[in-house]
Amino acid sequence: SKEICKKNRISILAIGPILHRFKSAFIYAALGGDKIGKRPVDFHIKGLQEMGAKVELDGDLYNISVDENGLQGAHIILPFPSVMTTENLIIAATLAKGRTIIENAAIEPEITELVKMLQKMGADIMIDANRTYVIQGVKSLKGCELRIMPDRNQAVSFACAALATGGNVLLEKMPHDPLYSFLNFIQRMGA
C-alpha cells in the first residue's frame, strides 16, 4: 500500500522477484525511509529497464512489467555506487536469463552477506575487481539457513555514544571485519 511504501524503502527490493513470478509489479515513486536527503529510485528503475523491464510512471505510481521472456542479463554501469540499487539488481539478476554485469557497484559488508546468502540458495555470483559483480542467471533458487550479521551502524552508534560520554560499552559477538575503517579512524583521533 501507499502508506507502507511511505514508511520504508524495502518494498523496492521485491520488484525483481515479483517480476520473475508474476511478470508485473508496481511501486510508489515516493518511498520513505531514513531522512538522509533525497533518495530517488531512478538508479533502480534504469537498471531494471536495462534488464528488459518496461516502466511507466502513472502519477506517483511506477507500473513495471516484463514480456514472456522475463528479465534478461545486462551490462549495467551505475552512476553512483548505491547500496540498495546494487542489492536490488543483484537480486533481480539471480533469476534473469543470461549474464548480468554490474559495474561501479556498492561493496558494503551487507552486500557481501546478501551475495553469500544468494549463493547458498543456488545463485551464481562472482565478485570481481573494481566494484563489479558478475551474475549468471539460474533457473531457480532454494531455501537456506544463515545467521544475520550484526548491524555495524548500530555498533558504531553505540561506540560513538560511549566516546562522547566517556562511558564504556561492550558489544559482544560483533566481528571486527565490518568495523576496520571506523576503528582505524577513531584510533587516529585518540580513542
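Refer to the structure printed above.
**Side note on the sheet that holds strand 3 (residues 61-65)**
As a general point, the strands of a sheet are linked pairwise by backbone hydrogen bonds and lie either parallel or antiparallel. An order of 1-3-2 is seen for the three strands of this open sheet, with the pairing classed as antiparallel. Of all strands in the sheet, those bounded by a partner on one side alone are strand 1 (24-28) and strand 2 (54-58). Recorded for the sheet is a direction-independent mean angle of 20° between the axes of neighbouring strands. One ladder, built from five bridges, connects strand 2 with strand 3; its direction is antiparallel.

**Some points on helix 3 (residues 42-50)**
Considered for burial, the residues of helix 3 that qualify are His44, Ile45, Gly47 and Leu48. Projected onto a plane normal to the axis of helix 3, the buried residues spread over an arc of 165° and lie on a single side. Contacts from the buried residues of helix 3 go to helix 2 (15-22), strand 2, strand 3, strand 4 (75-77) and helix 4 (83-94). Directly beyond the C-terminal end of helix 3, a positive phi value near 105° is found at Gly52.

**What about the side chain of Thr85?**
With respect to the secondary-structure elements, Thr85 resides in helix 4. Within the local environment of Thr85, its side chain forms a polar contact with the side chain of His44, the two groups lying 3.2 Å apart. Setting aside residues no more than four positions away along its own chain, Thr85 makes contact with Phe43, His44 and Leu78.

**Here we look at the packing of helix 4 against helix 5 (residues 109-120)**
Helix packing geometry: the angle between the two helix axes and the distance between the axes. Packing of helix 4 against helix 5 brings their axes to within 10 Å, and their N-to-C directions diverge by 10°. Comparing their axes, helix 5 and helix 4 come out roughly parallel. Seen from helix 4, the contacting residues are Val83, Thr86, Glu87, Ile90, Ile91 and Thr94; seen from helix 5, they are Glu110, Ile111, Leu114, Val115 and Leu118. Per-class residue counts for the contact of helix 4 with helix 5 are seven nonpolar, two polar and two charged.

**Description of the pattern of salt bridges**
For the structure on display, the rule yields four salt bridges. Across the salt bridge formed by Lys46 and Glu50, the nearest N and O atoms sit 2.7 Å from each other. In this pair, Lys46 and Glu50 both sit in helix 3, four residues apart, roughly one turn of the helix. Ionic pairing is found between Arg152 and Glu110, a salt bridge with its closest N-O pair at 2.8 Å. Highlighted residues: Arg152 in helix 6 (residues 152-165) and Glu110 in helix 5, separated in sequence by 42 residues.

What counts and how
- Residues numbered from 1 in each chain as written.
- Predicted model: local features only at pLDDT ≥ 70, side-chain atom pairs only at ≥ 80, totals over all residues.
- Heavy atoms only, no water.
- Pairing = 2+ DSSP bridges.
- Helix = DSSP H or I, 4+ residues; strand = E, 2+ residues; numbered from the N terminus.
- Axes fitted to C-alpha atoms, helices over the stretch in contact; angles between N-to-C directions.
- Buried < 20%, exposed > 50% of the residue type's maximum accessible area, 1.4 Å probe, protein only.
- Arc of directions from axis to C-beta.
- Contact = heavy atoms within 4.5 Å.
- Polar contact = N/O pair within 3.5 Å; in protein donor to acceptor, adjacent residues only side chain to side chain.
- Parallel < 35°, antiparallel > 145°, perpendicular 65-115°, else oblique.
- Nonpolar A, V, L, I, M, F, W, Y, C, P; charged D, E, K, R; others polar.
- Salt bridge = Lys/Arg side-chain N within 4 Å of Asp/Glu carboxyl O.

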